[in-house]
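# Structural characterization, general
As a plain string of letters, each chain reads:
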Amino acid sequence: MDRAGKEQMVDEIGRIFESSGVVVVSRYAGLTVAEMEDFRTRMREAGGSVRVAKNRLAKIALKTSRCPGVADILGGMTVLAYSEDPVTAAKVTETFAKSNSKLEIVGGALGDSLLDRAGVKSVSSMPSREELLSMIAGCLSAPASGIASAMGAPASNIAAIVSEIEERAAA
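Residues numbered from 1 in each chain as written. Predicted model: local features only at pLDDT ≥ 70, side-chain atom pairs only at ≥ 80, totals over all residues. Heavy atoms only, no water.

### Overview of the overall build of the chain
Helix and strand content of the chain: six helices and five strands. Its helices and strands in sequence order give the chain the pattern α-β-α-β-α-β-α-β-β-α-α, from N to C terminus. Going through the 171 residues of the chain one by one, you find that 37% of them count as buried. Considering only contacts within the chain whose residues lie at least 6 apart along the sequence, 79% involve residues at least 24 apart. Accessible surface, the chain: about 9,900 Å² in total, of which carbon and sulfur atoms supply 58%. (Helix = DSSP H or I, 4+ residues; strand = E, 2+ residues; numbered from the N terminus. Buried < 20%, exposed > 50% of the residue type's maximum accessible area, 1.4 Å probe, protein only. Contact = heavy atoms within 4.5 Å. Areas by Shrake-Rupley, 256 points an atom, 1.4 Å probe, with all protein chains shown as cover.)

### Focus on the confidence of the model for the chain
This prediction gives the chain a mean pLDDT of 85; 87% of its residues lie at or above 70. Confidence, expressed as mean pLDDT per element, reaches its minimum in the chain at helix H6 (residues 129-170) with 68 and its maximum at helix H2 (residues 33-46) with 95. (pLDDT = per-residue confidence, 0-100.)

### Focus: the nonpolar core
Soluble globular proteins tend to bury their nonpolar side chains together. In terms of nonpolar packing, the biggest core is built from 21 residues, with Ile-13, Phe-17, Val-23, Val-25, Leu-62, Val-70 and Leu-80 touching the most fellow members. Each residue touching Ile-13, except ones within four places of it in the same chain, is listed here: Ala-53, Ala-58, Ala-61 and Leu-80. In this structure, Val-22, Phe-39, Met-43 and Leu-115 belong to the second largest nonpolar core, which totals 20 residues. (Core = buried A, V, L, I, M, F, W, Y, C linked by side-chain atoms within 4.5 Å.)

### What about helix H4 (residues 88-99)?
With 12 residues, H4 should cover 16 Å at 1.5 Å per step; its first-to-last C-alpha distance of 17 Å lies within 8% of that length. On the buried face of H4, the contacting elements are strand S1 (22-27), H2, strand S2 (48-53), strand S3 (78-83), strand S4 (104-110) and helix H5 (117-124). (Expected span 1.5 Å × (residues − 1).)

### A word on the environment of Lys-63
Residue position: Lys-63 is located in the loop between helix H3 (55-62) and S3. The spatial distance from the C-alpha of Lys-63 to the C-alpha of Gly-14 is 9.0 Å, given a sequence separation of 49 residues.

### Description of the pairing of S1
Of all the six residues making up S1, five are buried; the element is thus mostly covered by neighbouring parts of the structure. Two elements, S1 and S3, share six bridges in a ladder whose sense is antiparallel. Across the sheet, Val-24 pairs through a bridge with Ala-81, a residue of S3. Of the strand pairs in this sheet, S1 and S4 are connected by six bridges, and their pairing is antiparallel. For Val-22, the partnering residue across the bridge sits in S4 and is Leu-110. (Pairing = 2+ DSSP bridges.)

### Focus: the packing of aromatic side chains
A full pass over the atoms with the stated rule returns one aromatic pair. With centroids separated by 4.9 Å and ring planes inclined at 35 degrees, the aromatic side chains of Phe-39 and Phe-96 adopt a geometry described as tilted. Placement of the pair is Phe-39 in helix H2 and Phe-96 in helix H4, with a sequence separation of 57 residues. Take Phe-39 and Phe-96: they sit in the same class, and that class is buried. (Phe/Tyr/Trp six-rings, centres within 6.5 Å; stacked < 30°, edge-to-face > 60°.)

Right under this line is the structure:
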């Protein structure tokens with residue numbers, strides 16, 4: 001790789017760490033091409049991305065990033081899984097690592113915080129942005145539906161009483 005290519009890769013890795021909600025650092029020694037492609041596909045479908053990193057170039061990019069401590073966990077055959085949503089990349093990587101022992105999660109970064117292996121696992125157990133939004137929407141709509149049914153209840157009660165009176169008068 002020529003100097004321009006290396007500079008481009010340093011810039012790209014720097015942008016990954018600056019613009020992503022979460023970056024998960026893993027080692028992928030022993031993964032076949034098909035397994036790596038499966039991992040990439042799962043991540044892409046969930047809204048994340050995967051980037052194989054050259055450790056030396058990633059360490060250069062991390063010197064000016066908001067989480068330079070990640071450089072300490074880079075080593076071996078490293079792959080970066082990242083997503084804009086602070087949970088997606090961690091969830092997909094955890095799920096894939098459970099089914100494939102060749103992918104070893106080392107740690108990562110959540111904003112400017114360095115995550116260890118346990119930190120990545122705890123982030124993966126959090127609800128995603130979409131799940132949180134649906135939970136909030138459910139909480140907001142529950143009182144509204146309760147009010148609507150309460151307002152409709154007296155009218156239906158009156159209608160039932162009127163029809164009962166009509167039935168008694170007819171009998």
